[in-house]
Amino acid sequence: MLSTLKTSSLWRFLNETKALTSTTLSIKKYQHRRRLNTTTRIFSDRYNIILMGSPGSGKSTVARILAQKLNKPSIDIDNDVLEPMWGVKISEKLKEKGSKYFIEEEGKALMTVKAENSIISLTGSNPLNDQAMRYIASTGYVIFLDYPAKGILQRLHKMKIDRIVGQEIGTPLADILDHRQITYEQAYDIRILCEENESPESVSEKVIVALKVLEEDQGYVSTRQDKNSVNTQERTSLGEILLQGLAPDGGLYVPALQIPILSKGEWSRLVNIGYRDRALRIMERLMNPCDLHPSKLRIFLERAYNSETFDNEKIFPVRHLQDNQFLLELFHGPTASFKDAALQLMPQMFVDALRNNEPLNNSSRYIILVATSGDTGSAVLDGFRRHAEGSGVGVIVLFPEHGISEVQRLQMTAMSGGNVQVLGIEGDFDLCQTMVKKAFQDQNLATWLSENGNFRLRYRNAANSITWGRLLPQIVFQVSAYLDLVEQKVISLGDEVDVCIPTGNFGNILGAYYAQAMGIPFRRLICASNANNTLTEFINTGVYDIRARQIQKTQSPAIDILKASNLERFLYHMSDRNDQLVRKCFKELEENQCFEVSGQLLKDIQKSLVGKWCSEAECVNTIKKCFETTGYLLDPHTAIAKFVADLVNDGDVPMIINATAHCSKFAPQVLRALGHKKEIKDKTVSEMFDMLHKITESPSMHSKLEECVKSSSINEKVLKPNYEDIEREIKIFSHKI
């Protein structure tokens, strides 16, 4: 259980990574982590429930209520341990010893507590003593009662508390609480987001619910898994599904439990905080701390979303476009695409999952093979070179030499790092995919890699848009967009908004669906397709039919998709987790290229989604018209969403349009749409970027993208379309890692 793993590695990790040390350190500290033992129950006679929080947060009162409800003894460290042991009041001891020595004495006293099956209410300063917290945390689960600082200050002033460490030297209470918050953030297993003026009774109910969720959590299940065959004693962890990608039965993994719902008061706590803090509070509600502890997740988020990786301090800002329309700019990451949201975080989670779940020794190393036809390649390369170099994990990306845009090629070939390699293949994307699959089926290659460096090949699970790990960050930025409108006072918390998303594989719009399920009041989820409009047809008719279709190459290639993989998850939820229906639908799709839903399920889908599409001519016209009326330059994918948003806009509520790529990623298409077809005929990509500079600063040019396209460093090998050359390059690359 969690308390077992915390006794050593977790607390060493926390103490040694306060300054955000290297990825390698975080991996080493966790690689002996034990899996969750589902046969051990949280509400057993062994585990303590340990309440932590600021002075004045009501820990003692909540502890007494919990003790009564759960029929457990209650221990208040202040009243039941410290004062009886010292024989004096806390305030007198603090005055006598001073802060430093008081914390030492308090820690020694805490380490004398021998308790099981109890509700323990810590003092506000107990977490300041690392050794004592290591001890007490090893006996159970630490629950952080996270109250709003404003309410705490009001309560403390009203109570006239005079026994808080730091007060004796005149430190302002607000400063004390700020410092304590930093400490508490490193020390909890479960956070309880307490609302403004929330009663102790309500908080105690939240604690019980959170613990029951942790106890009952069965991890993740497949959308095609027969409910009657689920083994309640076998839990599938987050790490396991990140490594597997697809479930063994061909389905997609979803949480076994229902998506958690946050109250309006809890959402209000997330309005005036930064993106990383929002992400932490949302994602920790969607994860079991035994899979990825909040203290580690916090560090991953800090590494993923910062000023070095993103060129906007808001990470994914929301800006007004025109009338009731707002753009969620998802292109401020290093590769100027929404995919950076997941692929700055996923490599860290993936490496962590490898180290915690692979039945190999610590010297094992891994090569991930990825075939790409566009943006995924550069986002994967950047994520792994930033966050996994030195971890023993390397990435090789194969792409069709003449099957991607010049900007995309320059982005990938400008990437440098000891653990990344780019291979251009003289062939199409299907050939690249075939080569990757052949490498995985090559037992001679597998044997050679194992004997020459203890390597294992991994498929593109770390990059694939169907993995649950890719969806988590997409939920976060959809939630954050809504909260930004609240923060900007465009709406009040609880007001409805529409969201319009250019959709191909159904990932971003599924993120919005999950955000809605968590309590974000999205009125309509608007699915915007290009000419590959199978989703539009499905939403409006219930028929998913690709029998007579071939992919049409458009100006918005990221959504040139006929099989929207993540639709399977949506159908699973909309059908009330009907695995039999999901199996039937997708078996028919695989065998007959068609399936159909009808009746109440279709009505529910049409109530949840609006589906419209945009032609190539309409896309071009939208780019031109939007620029002429607003001065803002859209990329073709965002133009698809803008056209559809205009089509369905009733003006009753704000409309959030997902801007999924920076316009300069598609400089030729955008410049042609503006009427510069002749001027760009013989221009290089770098020269086209200069043209865009002169045309608009809305959005501002993407500095990292410019660096890539103007880089003189080209790290690319172009191979003939034969497997032997690729096999040789894999072997050569293995010596770099």
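All of these numbers come straight from a predicted model, not from anything done at the bench.

About the cut-offs
Counting from 1, residues in each chain are numbered in the order their sequence is written. Whole-chain, interface and lining totals are the exception, using all residues; otherwise, since this is a predicted model, local features are given only for residues with pLDDT of at least 70 and side-chain atom pairs are given and counted only at 80 or more. As a convention, hydrogens and water are excluded, and side-chain values are obtained from all of the structure's heavy atoms. Strand pairing is assigned whenever DSSP detects at least two bridges linking the two strands. Comment: elements are numbered from the N terminus, with helices defined as DSSP H or I runs of at least four residues and strands as E runs of at least two. As a rule, the C-alpha atoms of each element are fitted with a line to give its axis, helices using only the stretch in contact, and angles between N-to-C directions run from 0 to 180 degrees. Note on definitions: a residue-residue contact is assigned when non-hydrogen atoms from the two residues lie within 4.5 Å. Side-chain atoms alone can form a polar contact between residues adjacent in sequence; in general such a contact is a pair of N or O atoms within 3.5 Å, and within protein one must be able to donate a hydrogen while the other accepts it. Any residue under 20% of the maximum accessible area for its type is buried, any over 50% is exposed, and the rest in between are partly exposed; the area is computed with a 1.4 Å probe on protein chains only. UniProt positions are given in the numbering used here, feature names are shortened, and annotations may be inferred rather than shown by experiment. Roughly parallel here means an angle under 35 degrees, roughly antiparallel means over 145, roughly perpendicular means 65 to 115, and every remaining angle is called oblique. Crossing chirality is assigned from the near helix's rotation relative to the far helix, an anticlockwise turn below a right angle marking it left-handed and a clockwise turn marking it right-handed. Basically, the charged four are Asp, Glu, Lys and Arg, the nonpolar ten are Ala, Val, Leu, Ile, Met, Phe, Trp, Tyr, Cys and Pro, and anything else, Gly included, counts as polar. Salt bridges are defined by distance alone: a side-chain nitrogen of Lys or Arg within 4 Å of a carboxyl oxygen of Asp or Glu. Here is how to tell: hold the view so the strands point away, follow the path from the first strand over the helix to the second, and if it runs clockwise the crossover is right-handed. Only buried residues count toward a nonpolar core. Its members are Ala, Val, Leu, Ile, Met, Phe, Trp, Tyr and Cys residues joined through side-chain atoms within 4.5 Å. As a per-residue quantity, pLDDT reports the predictor's confidence and falls between 0 and 100.

The next subject is the sheet that holds strand S1 (residues 48-52). Within a sheet, neighbouring strands are paired by backbone hydrogen bonds and run either parallel or antiparallel to one another. Taken in spatial order, the 5 strands line up as S2-S3-S1-S4-S5 in an open sheet, and their pairing is parallel. Strand pairing shows two members of the sheet lacking a second neighbour, strand S2 (74-76) and strand S5 (190-193), which therefore form its edges. The average undirected angle you get between the axes of adjacent strands in this sheet is 20 degrees. Here 5 bridges tie S1 to strand S4 (residues 140-146), and the two strands are oriented parallel to one another.

As a further point, take the environment of Asn48. By the element assignment, Asn48 lies in strand S1. For the pair formed by Asn48 and Ala115, sequence separation is 67 residues and the distance between their alpha carbons is 7.4 Å. The residues touching Asn48, leaving out its near neighbours within four places in the chain, are Ala115, Glu116, Asn117, Ser118, Ile120, Thr139, Gly140 and Tyr141. For Asn48, the side chain forms a polar contact with the main-chain oxygen of Ala115, separated by 2.9 Å. A polar contact is formed between the side chain of Asn48 and the backbone nitrogen of Asn117, at a distance of 3.1 Å.

This next bit is on the pairing of S5. By the alternation rule, side chains of S5 split into Ile190 and Ile192 and Arg191 and Leu193, which are all buried. Alignment of S4 against S5, held across 4 bridges, turns out to be parallel. Paired with Ile143 across the strands is Ile190, a residue of S5.

This next bit is on the sheet that holds strand S15 (residues 522-529). With respect to topology, 6 strands assemble into an open sheet ordered S8-S9-S19-S14-S15-S18, the strand pairing being mixed. With one partner strand each, in any of the chains shown, strand S8 (318-322) and strand S18 (609-613) form the two edges of the open sheet. For this sheet, the mean angle separating the axes of adjacent strands, direction not counted, is 30 degrees. In this sheet, S15 lies alongside strand S14 (residues 497-502) in parallel orientation, the contact comprising 6 bridges. When the sheet's bridge partners are listed, Val497 is paired in S15 with Phe522. This element, helix H27 (residues 636-648), spans S8, strand S9 (325-329), S14, S15, S18 and strand S19 (655-659) of the sheet and lies at about 160 degrees to S19.

Per the UniProt record, "modified residue: N6-(pyridoxal phosphate)lysine" (unreviewed entry) is annotated on Lys339. Note on placement: Lys339 falls in the loop between S9 and helix H14 (340-343). The residues contacting Lys339, other than those within four sequence positions of it, are Asp375, Thr376, Ala379 and Arg470.

Two numbers describe a pair of packed helices, the interaxial angle and the distance between the axes. Their axes nearest at 9 Å, the elements helix H3 (residues 59-70) and helix H9 (residues 200-216) cross at an angle of 55 degrees. The orientation of H3 with respect to H9, classified from their angle, is oblique. Crossing hand, H3 versus H9: right-handed. Within the contact between the two elements, H3 uses Thr61, Val62, Ile65, Leu66, Lys69 and Leu70 and H9 uses Pro200, Glu201, Val203, Ser204, Glu205, Val207 and Ile208. Its residues assigned to classes, the contact of H3 with H9 shows 8 nonpolar, 2 polar and 3 charged.

Time to look at the pattern of salt bridges. Tallied over the entire structure, the rule returns 44 salt bridges. Of the charged contacts in the structure, one is a salt bridge between Asp650 and Arg523, with a shortest N-O distance of 2.9 Å. A residue pair is termed long-range when its members are at least 10 positions apart, and Asp650 in the loop between H27 and S19 and Arg523 in strand S15 qualify at 127 residues. With relative accessibility at 38%, the residue Asp650 sits in the partly exposed group. Its relative accessible area of 23% is what places Arg523 among the partly exposed residues. Lys642 is the salt-bridge partner of Asp646, the closest N and O atoms lying 2.9 Å from each other. Placement of the pair is Asp646 and Lys642 together in helix H27, with a separation of 4 residues, close to one helical turn. Note on Asp646: relative accessible area 38%, which makes it partly exposed.

Counting buried positions over the 8 residues of strand S11 (residues 393-400) gives 8, a clear majority of the element. With burial as the criterion, each face of S11 is covered, one bearing Val393, Val395, Val397 and Phe399 and the other bearing Gly394, Ile396, Leu398 and Pro400. Note: strand S10 (residues 365-371) against S11, 6 bridges, orientation parallel. Across the sheet, the residue bridging to Tyr366 is Val393, located in S11. Of the crossover connections in this fold, the one passing from S10 over helix H16 (residues 375-387) to the parallel S11 is right-handed. The β-α-β motif built from S11, the intervening helix H17 (residues 406-413) and the parallel element strand S12 (residues 420-425) has right-handed crossover chirality.

For the rest of this paragraph, the subject is the packing of helix H19 (residues 443-451) against helix H31 (residues 723-734). It is at 11 Å that the axes of H19 and H31 come closest, and there the two elements cross at 15 degrees. If you check the angle between H19 and H31, you find them roughly parallel. Like other packed secondary-structure pairs, H19 and H31 cross with a definite hand, here right-handed. Between H19, through Leu445, Trp448 and Leu449, and H31, the contact on the second element is made entirely by Tyr723, Glu727, Ile730, Lys731 and Ser734.

On to the nonpolar core. Counting 141 residues, the largest nonpolar core has Trp267, Phe316, Trp468, Phe522, Leu567 and Phe595 as the members making the most contacts within it. Broken down by element, this core gets its largest block of residues, 12 residues, from helix H20 (residues 468-487). When near neighbours in sequence (up to four residues on either side) are disregarded, Trp267 contacts Leu262, Ile282, Val479, Leu483, Leu493, Met518, Gly519 and Ile520.

Our focus in this paragraph is the confidence of the model for the protein chain. The predicted model of the protein chain averages 88 in pLDDT, with 90% of residues at 70 or higher. The low-confidence segment residues 1-40, where pLDDT is below 50, has 91 contacts with residues more than four positions distant or belonging to other chains.

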